[in-house]
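Report on the structure
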Amino acid sequence: MNPIIRRALPHGRKPHVGIVGAGVSGLRCADILIQAGHKVTILEARDRIGGRLCQAKVKGNLVDLGPNWIHGTEDNPILDLAKETNTVTHNWDGRQCIYDQQGNALPEEEAAEAAETIWSIIGDGMEYAKEHSASIPPSKSLLDYLEEETKELYRSTDLNEVAKQKKRNLLLKIAEMWGAFVGSGVERQSLRFFWLEECIDGDNLFVAGTYKNILERIAEPALQGADIQFGQCVRNVETKYEDGAATKVEVEVAGGKTFDFDEVVMTTPLGWLKRNQFVFVPDLPKDVSQAIHNLGYGCLDKIYITFPKAFWNTAPVSKTNIPTTARTSIPNTTATTAPVHSIDPNAAPSTHHPGFTQWTAPLYAPDTNPLSWNQECVNMAALPSGSAHPTLLFYTFGPTSEHIASILSFDSSSPHDPSPAATARLLAFFAPYYSRLPNFDAADPACAPQAVLATAWAADELAGYGSYCNFPVGLEQGDRDVEALRRGLPDRRVWLAGEHTASFLALGTVTGAYWSGEGVGRWIESAYGGGNGAVKN
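Everything quoted here is computed from the prediction, not taken from an experiment. (Residues numbered from 1 in each chain as written. Predicted model: local features only at pLDDT ≥ 70, side-chain atom pairs only at ≥ 80, totals over all residues. Heavy atoms only, no water.)

1. Observations concerning the overall build of the protein
So the rule is basically this: Secondary structure is summarised from DSSP: a helix means a run of H or I of at least four residues, a strand means a run of E of at least two, and numbering begins at the N terminus for each. Each radius of gyration reported is based on C-alpha atoms, and the globular scaling rule is 2.2 Å times the count of residues to the power 0.38. When a residue's accessible area, from a 1.4 Å probe over protein chains only, is under 20% of the maximum for its type it is buried; when over 50% it is exposed; and in between it is partly exposed. Note on definitions: a residue-residue contact is assigned when non-hydrogen atoms from the two residues lie within 4.5 Å. Values of accessible area rely on a 1.4 Å probe in the Shrake-Rupley scheme; residue burial ignores everything except the protein chains shown. Positive charges come from Lys and Arg, negative ones from Asp and Glu, while His and the chain ends are left out of the count. Note that the charge is assigned to NZ on lysines, CZ on arginines, CG on aspartates and CD on glutamates.
For the protein, the count of helices and strands is 13 helices and 21 strands. For the protein, whose C-alpha radius of gyration is 24 Å, the value lies close to the compact-globule estimate of 24 Å for 537 residues. Dimensions of the protein, computed from C-alpha atoms along their principal axes, come out at roughly 80 × 50 × 40 Å. Here the protein, with 537 residues, has 60% of them falling under the buried criterion. By sequence separation, contacts in the protein at least 24 residues apart represent 75% of the contacts at least 6 residues apart. As presented, the protein carries roughly 21,300 Å² of accessible surface, and 49% of it is formed by carbon and sulfur atoms. A gap of 3 Å separates the mean positions of the 46 positive and 63 negative side-chain charges of the protein.

The following block contains the structure:
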């Protein structure tokens, strides 16, 4: 971005910057600007800070409703904050339990081999996309690539054709887990821009202690030095001009109240921007408007189900030696379930149920899941002592998330705290899966869920009815679209920040949101004669 130089304000007045949204990017941006001596006002539509990064309790246990992970450990400021705040993080041992379409658990060796194989193909696909992006047709999906690659597997084995095809089909069913990484199915993921899903090198760490302390540390400067006004839903963002030059930005909120700022930073989610481009006056320039339209916006939701005890953990489970030859060559991704780069190869053998369970394309729940959507969960009872509790965390995405959101919006006054009717429907939906875990006995009180907590971002207007940017089939210039959002509209004194404007190695992550807010703060600081305007890209 070319340097932006602002004229000095009269009478030595410091710039007044308005930040729309008190999520991670807005809070970090405020921190930078406060340090530079600027006046900062944050307009937040909710009654709290954090945006999608927030916590709630399920049966007394604090859990994250938003991000659960730190993606990448090399030069990651979020990991630094985790260490500073004594936040417990966790590496998994790599084991996962996979159920076939009939609900039978695969032997550990078969599950390990299949998972390793599909991760290797996904890694190769990311490298292929990076090298051949310009020549890959926009219409080609990640699923297309996976189908092509799996066709070549097992040809030289002694298996008959039926057995070979069964193994290939299993791989494709397991590959559907990628939907939980971006909030959309593999059939909608662009192969051409698959490389934009790569993230910072190093491990993917599960935030066992929740993001609570990290969020508090990020928010501290803003809480102390900014004017944070809650319950302020933005309805209009108008740049005012004098003699053809932008002089200020007027922001109108619901109820008609207006604020005048020298600069405005919009940290609203991509999904919100997609539905609210009309709030900008004048209209957004074509490249920014098209970028908002072109980029995808996923829907990743979470359902926590807590039991009296972790009945699935009571029997010793052996550890399979999973091959690791391909892992060092697989790019790190924004994984949420069974991520390769969260595995500790030196972990001692575990006796608990695997950390991840996947039910592939189930055919045994026709009433509640007639389209056989994959299901997957994290074993929260396998977390370190002090963080573990008898809870299963189900990740849902795409159509499943929309279905769960419809249950919650129909039955509940508060989606995060389902009504009894909504809870019953949620448990009816997930019972076919958790009831197949080891030691389940419907007559045993220990196997009866005690509490349910759901996120329902798919029904949240302020979240843009979803979560996390992604790169859909048909996208022609995804990298340039991100760059257009990252540049924002500085000539109109309007800037964009958030996980959708982040570094290519941090899109869709907490780190990306943090860096984007920091970058915009530095640019504004530089425009008024301070700092160096350095932005990660």
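2. Some words on the environment of Ile122
The topology assignment puts Ile122 in helix H3 (residues 108-132). Distance in space between the C-alpha atoms of Ile122 and Thr267 is 31 Å, their sequence separation being 145 residues. Non-local contacts of Ile122, meaning those with residues more than four positions away in its chain, are made with Leu146, Trp178 and Phe194.

3. Focus: the nonpolar core
Worth spelling out the cut-off: Buried residues of nine kinds, namely Ala, Val, Leu, Ile, Met, Phe, Trp, Tyr and Cys, make up a nonpolar core once their side-chain atoms join them within 4.5 Å.
Formed by 89 residues in total, the largest nonpolar core has its most connected members in Ile118, Trp178, Phe206, Val237 and Met266. Top element by residues in this core is H3. It accounts for eight residues. By size, the runner-up hydrophobic cluster in this structure holds 42 residues, among which are Val17, Ile49, Leu81 and Trp495.

4. Here we look at the sheet that holds strand S8 (residues 227-230)
Cut-off, in case you're wondering: Criterion used throughout: strands pair if DSSP finds at least two bridges between them. Geometry is summarised by axes, namely lines fitted to C-alpha atoms with helices restricted to the contacting stretch, and by angles between N-to-C directions that run from 0 to 180 degrees.
Spatially, S8-S2-S1-S12-S21 is the arrangement adopted by the five strands of the open sheet, whose pairing is parallel. This sheet does not close on itself; its edge strands, each paired only once, are S8 and strand S21 (494-496). Taken over all neighbouring pairs, the strand axes of this sheet differ in orientation by 20 degrees on average, direction set aside. As judged from the four bridges shared by strand S1 (residues 16-20) and strand S12 (residues 263-266), these two strands associate in the parallel manner. Within the sheet, the bridge partner assigned to Val17 lies in S12 and is Glu263. Sitting on the sheet, helix H13 (residues 510-527) is in contact with S1, S12 and S21, with an inclination near 155 degrees to S21.

5. As for the sheet that holds strand S13 (residues 280-281)
One open sheet holds the four strands; their spatial order is S11-S10-S9-S13, and the pairing between them is mixed. Each of the sheet's edge strands pairs with one partner strand only, and the pair in question is strand S11 (258-261) and S13.

6. Here's the deal with the packing of aromatic side chains
Heads up, the rule is: A pair of aromatic rings is counted whenever rings of Phe, Tyr or Trp (Trp by its six-membered ring) have centres within 6.5 Å, and the orientation is called stacked for planes under 30 degrees apart, edge-to-face for over 60 and tilted otherwise.
Under the definition given, this model contains 22 aromatic pairs. Aromatic side chains Trp178 and Phe194 sit 5.2 Å apart centroid to centroid with 80 degrees between the ring planes, which places their arrangement in the edge-to-face category. Of this pair, Trp178 sits in the loop between helix H5 (161-175) and helix H6 (179-182) while Phe194 sits in the loop between H6 and strand S7 (204-206); the two residues are 16 residues apart in sequence, bridging distant segments of the chain. Both residues of the pair, Trp178 and Phe194, count as buried. Between Phe429 and Phe430, the ring centres sit 5.0 Å apart and the planes meet at 80 degrees, which makes this aromatic pair edge-to-face. Judged by its relative accessible area of 0%, Phe430 is buried.

7. Some remarks on H5
Going by this rule: Under the convention used throughout, the expected extent of a helix is 1.5 Å for every residue step, that is, one less than its residue count. Nitrogen and oxygen atoms within 3.5 Å of one another constitute a polar contact, given that in protein one can donate a hydrogen and the other can accept it, and given that sequence-neighbouring residues count only through two side-chain atoms.
In this model, H5 (15 residues) spans 21 Å end to end at C-alpha, consistent with the 21 Å of a helix rising 1.5 Å per residue. Three or more residues of H5 are buried, namely Lys164, Arg168, Leu170, Leu171, Leu172, Ile174 and Ala175. The inward-facing, buried residues of H5 abut strand S6 (96-99), H3, helix H4 (142-151) and strand S16 (356-359). Where H5 begins, the side chain of Asn160 points an oxygen toward the backbone nitrogen of Val162, at a separation of 3.1 Å.

8. Some remarks on the pairing of strand S4 (residues 61-64)
As paired strands, strand S3 (residues 55-58) and S4 are joined by four bridges and run antiparallel to one another. Bridge pairing in S4 links Lys57 to Leu62. Where S3 folds back on S4, the antiparallel hairpin that results is connected by two residues, among which Lys59 adopts a positive phi of roughly 50 degrees.

9. Re the environment of Val281
Structurally, the position occupied by Val281 is in strand S13. Sequence separation of Val281 and Thr239 is 42 residues, and the distance between their C-alpha atoms is 6.3 Å. If we skip the residues at most four places from it in the chain, Val281 touches Asn236, Val237, Glu238, Thr239 and Arg492.

10. Some points on the packing of helix H2 (residues 77-84) against helix H7 (residues 212-225)
Our working rule: Relative orientations are named as follows: roughly parallel for angles under 35 degrees, roughly antiparallel for angles over 145 degrees, roughly perpendicular for angles from 65 to 115 degrees, and oblique for any other angle. Ten residue types, Ala, Val, Leu, Ile, Met, Phe, Trp, Tyr, Cys and Pro, are classed as nonpolar, four, Asp, Glu, Lys and Arg, as charged, and the remainder, Gly among them, as polar.
Axis separation between H2 and H7 bottoms out at 9 Å; the angle between their running directions is 105 degrees. With respect to H7, the element H2 is oriented roughly perpendicular. Counting all contacts with H2, which are made through Ile78, Leu81, Ala82 and Glu84, the residues of H7 involved are Ile214, Arg217 and Ile218. The residue makeup of the contact of H2 with H7, split by class, is five nonpolar, no polar and two charged.

11. Topic: the packing of H3 against H5
To be explicit about the condition: Whether a crossing is left-handed or right-handed is set by the direction in which the near helix is turned from the far one by less than a right angle, anticlockwise for left-handed and clockwise for right-handed.
At a minimum axis separation of 10 Å, H3 and H5 run at an interaxial angle of 70 degrees. When the interaxial angle is binned, H3 and H5 end up roughly perpendicular. Here the hand of the crossing between H3 and H5 comes out right-handed. Residue-level inspection shows Glu110, Glu113, Ala114, Thr117 and Ile118 of H3 in contact with H5, the latter providing Lys167, Leu170, Leu171, Ile174 and Ala175.

12. Quick notes on the state of the cysteines
Two cysteines form a disulfide when their sulfur atoms are joined by a covalent bond. Heads up, the rule is: For this text, the term disulfide refers to a pair of cysteine sulfurs within 2.5 Å.
For the coordinates displayed, the defined rule picks out zero disulfides. Free cysteine Cys299: the closest other cysteine sulfur is in Cys469, separated by 14 Å.

13. Comments concerning the side chain of Thr41
Along the polypeptide, Thr41 turns up in strand S2 (residues 39-44). Residue classification places Thr41 among the buried positions, given a relative accessible area of 4%. Once residues within four sequence positions are removed from consideration, Thr41 is found in contact with His16, Val17, Gly18, Ile19, Asp227, Gln229 and Phe261.

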